[in-house]
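Descriptive structure summary
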Amino acid sequence: MSQSDLLRPNLPEQGSIEHISRQEARIPVPEAFAAQANVTPGQYAEWYRESIESPETFWDARAKDFHWFQPYHRVLDWQPPFAQWFVGGQTNLSYNALDRHVDAGRGDKRALVWEGEEGEVREYTYAQLLDEVSLTAAALTRLGVKKGDRVTLYLPMIPEAVMAMLACTRIGAPHTVVFGGFAAGAIADRMVAAGSEFVITADIGQRKGEPLPLKSVVDEAIKLAEEQGQAVRGVLVVRHTGSDVTMQPGRDHWWHEARTDEREDALPLDSEHPLFILYTSGSTGKPKGILHTTAGYMIGAALSTYAALDLKDHDLFWCTADVGWITGHTYSTYGPLLLGQTTFMYEGAHNYPHWGRFWDMIGRHGITILYTAPTAIRSFMRHGDDTPAEYDLSSLRLLGSVGEPINPQAWHWYHRVIGAERCPVVDTWWQTETGSIMLTTLPGAHPAEPGTAGVPMFGIDPVILNREGEEMQADEGGFLTLRQPWPSMLRTVYGDDERYAKTYFGEIDGVYFAGDGARRSEDGYVTVLGRVDDVLNVSGHRLSTAEVESALVAHPQVAEAAVVGKPDEMKGESIFAFVLPQEGQTPDPQELRQYVSDLIGKVARPDHIVVAPALPKTRSGKIMRRFLRQIAAGKSIEGDTSTLDDPSVLERLAATPVE
Ligand code: WT7
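Quick caveat: nothing in here was measured; it's all calculated off a predicted structure.

Let us now look at the site of the ligand. Around the ligand there are 17 residues in total, and D427, T428, T432, D516 and R542 lie nearest to it. Within the contact set of the ligand, an oxygen atom lies 2.9 Å away from a side-chain nitrogen or oxygen of Q431. Taking R542, its side chain carries an N or O atom lying 2.7 Å from an oxygen atom of the ligand. In isolation the ligand has 550 Å² of accessible area, and contact with the protein removes 96% of it. Here the shell around the ligand is built from residues that sort into six nonpolar, six polar and five charged.

Our next topic: the confidence of the model for the protein chain. Summing up the model confidence of the protein chain, the mean pLDDT is 94 and the portion of residues at 70 or higher is 97%. Confidence estimates for the predicted assembly give a pTM of 0.94 and an ipTM of 0.99.

This part is about the UniProt feature "domain: Acetyl-coenzyme A synthetase N-terminal" (unreviewed entry) in the protein chain. The feature "domain: Acetyl-coenzyme A synthetase N-terminal" (unreviewed entry), as annotated in UniProt, sits at residues 44-97 in this numbering. Split by type, residues 44-97 is 44% helix and 26% strand. Its first and last C-alpha atoms lie 25 Å apart.

What follows is about the sheet that holds strand β24 (residues 478-482). Pairing is antiparallel in the open sheet, where four strands are placed in the order β23-β24-β26-β27. At either end of the open sheet lies a strand with only one pairing partner, and these are β23 (462-465) and β27 (526-531). In this sheet, neighbouring strand axes are inclined to one another by 45° on average, regardless of whether the strands run parallel or antiparallel. Of the pairings in the sheet, the one linking strand β26 (residues 512-520) to β27 comprises five bridges and is antiparallel in character. By the bridge assignment, R519 is partnered in β27 with T527.

With that out of the way, let us pick up the domain arrangement of the protein chain. By the assigned domains, the protein chain splits into domain 1 (125-267) and domain 2 (539-654). On the domain 2 side, the residues contacting the seven residues of domain 1 number nine residues. Between domain 1 and domain 2 the total buried area reaches about 460 Å² when both faces are included, carbon and sulfur atoms providing 59% of it. Between domain 1 and domain 2 we count two residue pairs in polar contact (both at pLDDT 80 or more) in total. For the side of domain 1 that touches domain 2, the per-class residue count stands at four nonpolar, two polar and one charged.

Our next topic: helix α7 (residues 159-171). For α7, which comprises 13 residues, the first-to-last C-alpha distance of 19 Å matches the rise-based estimate of 18 Å (1.5 Å per residue) to within 8%. With 13 of 13 residues buried, α7 lies mostly within the body of the structure.

Turning our eyes to something else, we now look at the pairing of strand β17 (residues 342-346). Burial runs high along β17: five of the five residues are buried. Residues T342, F344 and Y346 point to one face of β17 and T343 and M345 to the other, with burial holding for every one of them. The pairing of strand β16 (residues 316-319) with β17 spans three bridges and is parallel. Bridging from a neighbouring strand, F317 pairs with T343 of β17.

Between P80 and the following residue, P81, the backbone shows a cis peptide bond with an omega angle of 0°. Along the chain, P81 turns up in the loop between β1 (74-79) and β2 (82-87). Between Y352 and P353 the backbone carries a cis peptide bond, its omega angle lying at -5°. Mapped onto the fold, P353 is located in the loop between β17 and α13 (357-365). Phi at F86 is positive, roughly 55°, even though this residue is not glycine. Secondary-structure assignment places F86 in strand β2. Classification of F86 as buried rests on a relative accessible area of 0%. In this structure, D310 is a non-glycine residue whose phi angle is positive, near 55°. Here D310 shows up in the loop between α11 (294-308) and β16.

Running from N to C, helix α5 (residues 93-103) and helix α6 (residues 126-143) point in directions that differ by 135°, and their axes come no closer than 9 Å. It follows that α5 is oblique to α6 by the angle criterion. In the crossing of α5 with α6, the sense of the turn from one axis to the other is left-handed. Seen from α5, the contacting residues are S94, A97, L98, D99, H101 and V102; seen from α6, they are Y126, A127, L129, L130 and V133. A breakdown of the residues in the contact of α5 with α6 according to their chemical character gives eight nonpolar, two polar and one charged.

Moving on: the packing of aromatic side chains. Taken as a whole and judged by the stated rule, the model has 35 aromatic pairs. Ring plane angle 90° and centroid distance 5.2 Å describe the contact between Y331 and W430, whose orientation is recorded as edge-to-face. One end of the pair, Y331, is in helix α12 (residues 326-338); the other, W430, is in the loop between β20 (425-428) and β21 (439-440), with 99 residues separating them in the sequence. Like W430, Y331 is buried. Joined through ring pairs, the aromatic side chains of Y44, W47, Y48, F58, W59, W68, Y72, W85, F86 and F458 make up one cluster. Lying over the aromatic face of W114, R122 brings its terminal NZ or CZ to 4.9 Å of the ring centre. Lying across the ring of F627, R626 places its NZ or CZ 5.3 Å from the centre.

Parameters at a glance
- Residues numbered from 1 in each chain as written.
- Predicted model: local features only at pLDDT ≥ 70, side-chain atom pairs only at ≥ 80, totals over all residues.
- Heavy atoms only, no water.
- Near = heavy atom within 4 Å.
- Polar contact = N/O pair within 3.5 Å; in protein donor to acceptor, adjacent residues only side chain to side chain.
- Areas by Shrake-Rupley, 256 points an atom, 1.4 Å probe, with all protein chains shown as cover.
- Nonpolar A, V, L, I, M, F, W, Y, C, P; charged D, E, K, R; others polar.
- pLDDT = per-residue confidence, 0-100.
- UniProt positions renumbered as here; feature names shortened; annotations may be inferred.
- Helix = DSSP H or I, 4+ residues; strand = E, 2+ residues; numbered from the N terminus.
- Pairing = 2+ DSSP bridges.
- Axes fitted to C-alpha atoms, helices over the stretch in contact; angles between N-to-C directions.
- Domains from an automatic or database assignment.
- Contact = heavy atoms within 4.5 Å.
- Buried area = accessible area lost by both parts, 1.4 Å probe.
- Expected span 1.5 Å × (residues − 1).
- Buried < 20%, exposed > 50% of the residue type's maximum accessible area, 1.4 Å probe, protein only.
- Parallel < 35°, antiparallel > 145°, perpendicular 65-115°, else oblique.
- Left-handed = near helix turned anticlockwise from the far one by under 90°.
- Phe/Tyr/Trp six-rings, centres within 6.5 Å; stacked < 30°, edge-to-face > 60°.
- Lys NZ or Arg CZ within 6 Å of the ring centre and 35° of its normal.

Structure below.
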């Protein structure tokens with residue numbers, strides 16, 4: 001990351017986010033909600049104080065709710081930047097999410113309600129889900145999966161995805177879920193990086209009525225991984241649509257055949273046993289394998305679901321995130337199940353077969369808490385108030401937002417049209433790395449400020465710093481950092497402790513550096529201003545500019561590429577690529593889009609392409625992205641252009657058509 005990039009939060013460029021310049025009036029907590037909330041203002045204040053002043057006492061008390069095969073002897077061992085939590089203890093997340101509830105006589109309670117894109121519904125009680133997971137865990141064991149082996153999951157949003165995750169954690173085999181929108185090359189890279197010899201997938205998925213050929217993408221990914229020296233020993237295939245797929249004898253096994261009547265018990269695992277690896281984009285082209293471990297993640301997921309999302313016994317909770325992302329791990333799957341509550345899962349697209357699909361499901365199932373992304377809210381908003389008005393949304397009692405800053409306009413629409421001004425709206429800031437929610441307003445304790453995430457969760461000590469590590473004044477923009485370790489924090493970048501230390505604790509000495517810019521009000525509300533590094537947030541999906549660039553330059557007609565984010569009303573940011581052709585070549589933008597899509601996946605497809613006559617570089621050859629961001633945003637050039645080798649490039653670029 002360069003010095004100039006690090007200075008960005010003082011001059012935020014995300015023009016579409018109007019909350020940067022204005023402070024919104026706060027919306028009080030509705031009395032009826034406060035009266036029943038899991039966490040009251042007094043409780044928050046007391047717990048928060050304790051969690052900061054004596055974190056070990058606080059977390060020790062929270063850990064008591066869980067089953068331990070062996071008690072820990074120490075709550076925290078902090079050797080910056082490496083933390084160990086609940087040291088010496090043995091537990092199991094799958095046991096705590098399933099067996100614990102069944103043992104307590106809650107086996108008949110619904111754990112999971114699922115709806116497919118075509119409307120079919122399946123439900124599982126805790127006893128049924130435990131059974132499914134135990135059968136799956138036994139099948140994995142017979143396949144040769146052992147404690148510590150990394151298992152790649154490439155699955156649609158079907159109940160088997162939840163079963164597969166819990167089956168892996170049951171036997172201590174860390175899962176690494178790859179989002180269904182990624183292409184074979186991206187899966188292969190992750191399998192190689194994780195050294196993963198096992199895959200769980202499905203024959204075919206479905207999106208907007210169109211089939212997604214998951215198994216054949218996995219076959220291609222395995223071929224690519226094997227070319228890079230990664231052996232693959234077993235593939236478990238869920239028969240979802242019943243389509244024809246090629247099964248390689250000895251390697252590929254049907255889910256329904258591999259599972260017999262054998263059941264596998266939960267294995268006692270060290271608190272710090274690797275739970276899962278989730279790849280996410282950083283500032284370089286190489287995705288980072290974020291490693292989470294067992295006990296700390298478990299406790300962070302459960303406590304945040306309880307406090308920020310207010311889950312209770314009568315709730316039907318719907319977090320719309322795909323299990324391919326951290327939100328789908330923590331809040332579609334683990335958090336609600338750890339609390340013994342009911343999670344709802346939907347397979348398909350938000351606007352299939354029509355724009356009322358979400359509201360129809362909320363009405364039919366009686367969903368009480370909805371947790372979704374601003375990009376979805378904005379697209380519903382664009383389709384008007386009439387569609388949601390046709391459905392019964394009266395079951396809803398709480399609304400959540402996650403993944404990117406929510407602009408006040410979308411916040412108010414969500415609050416008014418979906419929540420009928422009755423439901424609090426919580427805007428939750430966190431990251432793949434943090435494992436669970438870090439900043440929000442607790443729905444029964446804090447008034448919400450549209451566009452501002454809010455106050456810290458228990459044990460979280462946010463501080464806004466400048467480059468030198470000095471604290472900024474109230475309301476001044478700076479870098480968002482966290483001063484204290486917390487249980488659900490990442491433990492490392494898988495296989496790369498050095499990258500972990502450098503990326504997260506090396507930018508500003510001694511504190512966790514989130515990569516976001518933020519400011520904090522006098523009374524402690526934190527407003528997140530967006531990324532300060534070369535990470536894009538496109539419709540809540542995280543991508544690195546370098547990843548897209550390396551895909552573009554792999555094209556034979558492309559000599560160089562520079563990718564920046566362009567503020568976008570719907571997506572938050574869109575992908576803007578400047579492409580310098582090889583001499584004598586004129587690459588076709590449409591073909592380049594397809595090329596990137598084939599290499600990384602649809603999520604990385606550039607929205608705008610300029611086939612550039614030249615790129616703005618310093619005399620030492622560094623591309624000046626600052627200017628490219630301005631050109632992409634259609635703004636006039638601001639800042640010192642004298643360091644450029646040829647400042648006239650900027651004018652020529654601005655005059656080149658965007659395709
Ligand atoms: C980045 C993390 C949190 C799970 C989903 C995304 C941005 C996330 C918010 C929010 C402002 C947000 C940040 C963060 N972000 N939530 N409520 N307000 N920005 O996880 O893929 O790891 O991305 O998403 O820039 O650093 P992720």
